[in-house]
Amino acid sequence: MNINFVIFVLLLCFSFTYLEASEQSWLFDSARVWGRGRTYVAAYESDESSRFNAAALGESDVSFQLRPLQLDFFVGKNTTSTFNDLLSAAGSNDAFSVLRKFDDKFGQLQYFKAQGSFFSLRFGSFEISPFGLNDAFLKLELPPSPEMSWKVDSVVGLNLSYGFELKQDMFIGLTLRPLYRWYIEGKVAFADIVELLGPTSTRFEDFTPLVSAAAVGGDLGFIWNLSPGFRWGVTVRNIGDTSATSDFEETPPAIRQNISTGLLSRSSLGGIADLDLYLDIHSLTNRDGLNLLRLINTGFELGSSVFSRDHDFGVLGGISEGYASLGAFFDLYFLRVDITSYGIETGIESGQLQDRRWAISGRSSLTL
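The text that follows walks through the structure, step by step, so that each part is easy to find. (Residues numbered from 1 in each chain as written. Predicted model: local features only at pLDDT ≥ 70, side-chain atom pairs only at ≥ 80, totals over all residues. Heavy atoms only, no water.)

### So, the layout of surface pockets
To find leftover empty space, one rolls a probe the size of a water molecule over the atoms.
Here is step 1: Estimated volume of the second largest pocket: approximately 290 Å³.
Here is step 2: Considering the residues around the second largest pocket, the lining is formed by 17 residues, among which Ser308, Arg309, Asp331, Ser365 and Thr367 are closest to the centre.
Here is step 3: For the lining of the second largest pocket, the element with the highest residue contribution is strand E14 (residues 354-367), accounting for four residues.
Here is step 4: Here the lining of the second largest pocket is built from residues that sort into five nonpolar, four polar and eight charged. (1 Å grid on protein atoms, 1.4 Å probe; cavity = no way out; pocket = protein on both sides within 12 Å on 5 of 7 lines; lining within 4 Å. Points joined across faces, edges and corners; volume = space filled by probe spheres on them. Helix = DSSP H or I, 4+ residues; strand = E, 2+ residues; numbered from the N terminus. Nonpolar A, V, L, I, M, F, W, Y, C, P; charged D, E, K, R; others polar.)

Set out below in structure tokens:
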């Protein structure tokens with residue numbers, strides 16, 4: 001029997017021993033990670049290691065790297081549909097036909113996220129990566145309780161990450177993350193909207209106050225190469241919850257701690273390409289009591305290395321929260337592009353209420 005398979009099963013059982021449930025707090029997103037079913041814990045070293053598991057930086061053989069710009073966009077299928085309807089409505093003079101286009105928008109999530117990093121620097125196993133992101137959604141609900149809810153979460157900060165070899169084939173990584181955050185969350189019922197339209201002292205800001213504050217977060221990562229081509233990883237992201245501090249009474253909600261474990265098995269396909277198989281469990285605490293099927297993530301990456309340390313061309317696939325994902329990527333040396341389609345569960349049970357999304361990422365880099 002294959003020894004890698006035996007170890008895989010034993011570690012999987014070990015992981016379930018400590019599985020209680022999970023909170024789905026998520027600061028950074030990645031088209032590549034979502035493409036392979038949101039698996040990342042035991043991934044090999046890449047330009048995204050400082051965001052997901054800094055332990056992989058301990059394996060880096062990069063002397064110097066400059067990444068001038070990386071931009072990532074994530075948009076829900078409902079959002080693109082609404083945008084197209086608005087464009088078509090812009091040239092219409094029939095108000096009723098315009099309104100009918102929005103019949104199917106109620107009860108659906110309108111989602112958009114953008115994130116970027118600018119002039120990231122890596123010196124060996126140490127990386128400095130400034131970042132900014134904006135995460136937003138809007139949802140409209142029909143009777144019996146007509147209402148509109150929304151959230152806008154904007155963050156700017158700096159990742160300071162370092163990875164090192166603890167002993168042979170064991171790596172530890174640390175990230176310190178000072179950041180500043182602006183947060184808006186609100187909900188308005190139909191009666192509140194009527195009140196705003198009439199003579200009143202109530203302002204829209206009363207329903208959706210803007211709060212902002214500084215915070216310092218941190219991540220811890222571990223990777224163990226159990227055998228050639230087989231890895232086990234653990235991450236603790238946002239250690240102890242990343243809570244904001246401010247002189248004001250209200251502050252943004254904490255970014256929750258997330259402890260996850262994962263396995264990766266790599267097989268070489270004739271020296272032409274690699275097949276990576278992933279299994280992650282997010283996370284090992286379940287503060288929200290989610291269905292366990294939403295915590296198990298599986299995926300694959302079929303990639304080929306042509307001129308860099310990472311896969312330069314490849315396809316991705318996986319299952320996360322019960323939904324399939326599919327993606328592809330290509331690296332032209334000066335520009336890398338990742339494109340992915342994936343699903344998010346917006347209900348309680350896996351498979352209940354899917355929000356289908358698209359992600360695209362573009363990155364430039366200079367590596368020595």
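Moving on from the coordinates now.
### Observations concerning a nonpolar patch on the surface
Here is step 1: A cluster of nonpolar side chains, namely Leu69, Leu71, Phe73, Phe112, Phe118, Phe119, Ile339, Trp358 and Ile360, defines an oily patch on the protein surface of about 820 Å² accessible area.
Here is step 2: Where the nonpolar patch is concerned, the elements lending two or more residues are strand E1 (65-76), strand E2 (109-123) and E14.
Here is step 3: Take phenylalanine 112: it is sitting in strand E2.
Here is step 4: Given the relative accessible area of 36%, phenylalanine 112 is considered partly exposed. (Patch = residues over 30% accessible without salt bridge, like charges linked within 9 Å, V, L, I, M, F, W, Y side chains within 5 Å. Areas by Shrake-Rupley, 256 points an atom, 1.4 Å probe, with all protein chains shown as cover. Salt bridge = Lys/Arg side-chain N within 4 Å of Asp/Glu carboxyl O. Buried < 20%, exposed > 50% of the residue type's maximum accessible area, 1.4 Å probe, protein only.)

### Observations concerning the environment of lysine 187
Here is step 1: Tracing the chain through its elements places lysine 187 in strand E5 (residues 170-189).
Here is step 2: You can call lysine 187 partly exposed: its relative accessible area is 49%.

### Considerations on the pairing of strand E7 (residues 230-237)
Here is step 1: The buried count for E7 comes to seven of eight residues, which makes it a mostly enclosed element.
Here is step 2: Between the end of strand E6 (residues 210-227) and the start of E7, which pair antiparallel, lie two residues, with glycine 229 showing a positive phi angle near 85°.
Here is step 3: Pairing of E7 with strand E8 (residues 258-269) involves eight bridges; the strand directions are antiparallel. By the bridge assignment for E8, phenylalanine 230 is matched with serine 265. (Pairing = 2+ DSSP bridges.)

### Some thoughts on empty space enclosed by the protein
Here is step 1: All chains considered together, the criterion is met by five cavities of 30 Å³ or more.
Here is step 2: The space that makes up the largest cavity amounts to roughly 160 Å³.
Here is step 3: Along the wall of the largest cavity there are 18 residues; nearest its centre are Arg36, Ala43, Tyr44, Ser46 and Ser49.
Here is step 4: Within the residue set of the lining of the largest cavity, elements represented by two or more residues are helix H2 (31-35), helix H3 (49-52) and strand E9 (273-282).
Here is step 5: Grouping the constituent residues of the lining of the largest cavity by class yields seven nonpolar, four polar and seven charged.
Here is step 6: Roughly 60 Å³ of internal volume is contained in the second largest cavity.
Here is step 7: Lining the second largest cavity we find 14 residues, and of these Phe52, Asn53, Ala54, Asp219 and Leu220 sit closest to its centre.
Here is step 8: Sorting the residues of the lining of the second largest cavity by element identifies H3, E5, E6 and E7 as the ones contributing at least two each.
Here is step 9: Looking at the lining of the second largest cavity, the element that brings in the most residues is H3, giving four residues.

### Quick notes on the side chain of arginine 336
Here is step 1: Mapped onto the fold, arginine 336 is located in strand E13 (residues 336-345).
Here is step 2: Those residues within four positions of arginine 336 in sequence are excluded, and the remaining contacts are Arg32, Asp310, His311, Asp312, Phe329, Phe330, Asp331, Ser361, Gly362 and Arg363. (Contact = heavy atoms within 4.5 Å.)

### A closer look at the packing of aromatic side chains
Here is step 1: Here the structure, examined in full by the defined rule, presents ten aromatic pairs.
Here is step 2: When the centroid spacing of 6.0 Å and the interplanar angle of 80° are considered together, the rings of phenylalanine 222 and tryptophan 232 count as edge-to-face. With phenylalanine 222 in strand E6 and tryptophan 232 in strand E7, the pair connects residues that are ten residues apart, well separated along the chain.
Here is step 3: On the accessibility criterion, phenylalanine 222 (19% relative accessible area) is buried.
Here is step 4: Of the residues examined, tryptophan 232 reaches a relative accessible area of 15% and is grouped as buried.
Here is step 5: The interplanar angle of 50° and the centroid separation of 6.4 Å between the aromatic rings of tryptophan 224 and tryptophan 232 together place this pair among those described as tilted.
Here is step 6: Among the residues examined, tryptophan 224 registers a relative accessible area of 30% and is labelled partly exposed.
Here is step 7: Among the aromatic residues, those joined into a ring-pair cluster are Phe222, Trp224 and Trp232.
Here is step 8: Its guanidinium or amino end placed over the ring of tyrosine 40, arginine 237 lies 5.1 Å from that ring's centre, counting from NZ or CZ. (Phe/Tyr/Trp six-rings, centres within 6.5 Å; stacked < 30°, edge-to-face > 60°. Lys NZ or Arg CZ within 6 Å of the ring centre and 35° of its normal.)

### Notes on the pairing of E13
Here is step 1: Judged by how many residues are buried, E13 sits mostly within the fold: nine of ten residues are covered.
Here is step 2: Judged from the six bridges that link them, strand E12 (residues 323-331) and E13 form a sheet pairing that is antiparallel. Each bridged residue has a counterpart across the sheet, and for aspartate 331 the counterpart in E13 is arginine 336.
Here is step 3: Linking E12 to E13, which pair antiparallel, is a turn of four residues; within it tyrosine 333 sits at a positive phi near 75°.
Here is step 4: Bridge count for E13 against E14 is ten bridges, and the pairing is antiparallel. Following the sheet pairing, arginine 336 is matched in E14 by arginine 363.

### As for the pattern of salt bridges
Here is step 1: Scanning the entire structure with this criterion turns up 21 salt bridges.
Here is step 2: The shortest N-O distance in the salt bridge between glutamate 301 and arginine 32 comes to 2.6 Å. Placement of the pair is glutamate 301 in strand E10 (residues 296-304) and arginine 32 in helix H2, with a sequence separation of 269 residues. For the residue pair glutamate 301 and arginine 32, the accessibility class agrees, reading buried in each case.
Here is step 3: One salt-bridge network, held together by shared partners, links Glu45, Asp47, Arg67, Arg122, Glu127, Arg309 and Arg363.

### Description of unusual backbone geometry
Here is step 1: Note the cis peptide between histidine 282 and serine 283, where omega equals -25°.
Here is step 2: Checked against the element boundaries, serine 283 lands in the loop between E9 and E10.
Here is step 3: Located in the positive-phi region is glutamate 321, a residue other than glycine, with phi close to 55°.
Here is step 4: If you trace the backbone, glutamate 321 turns up in the loop between strand E11 (313-320) and E12.
Here is step 5: Of note, the phi angle at tyrosine 333 is positive, near 75°, even though the residue is not glycine.
Here is step 6: Looking at where tyrosine 333 falls in the secondary structure, it is placed in the loop between E12 and E13.

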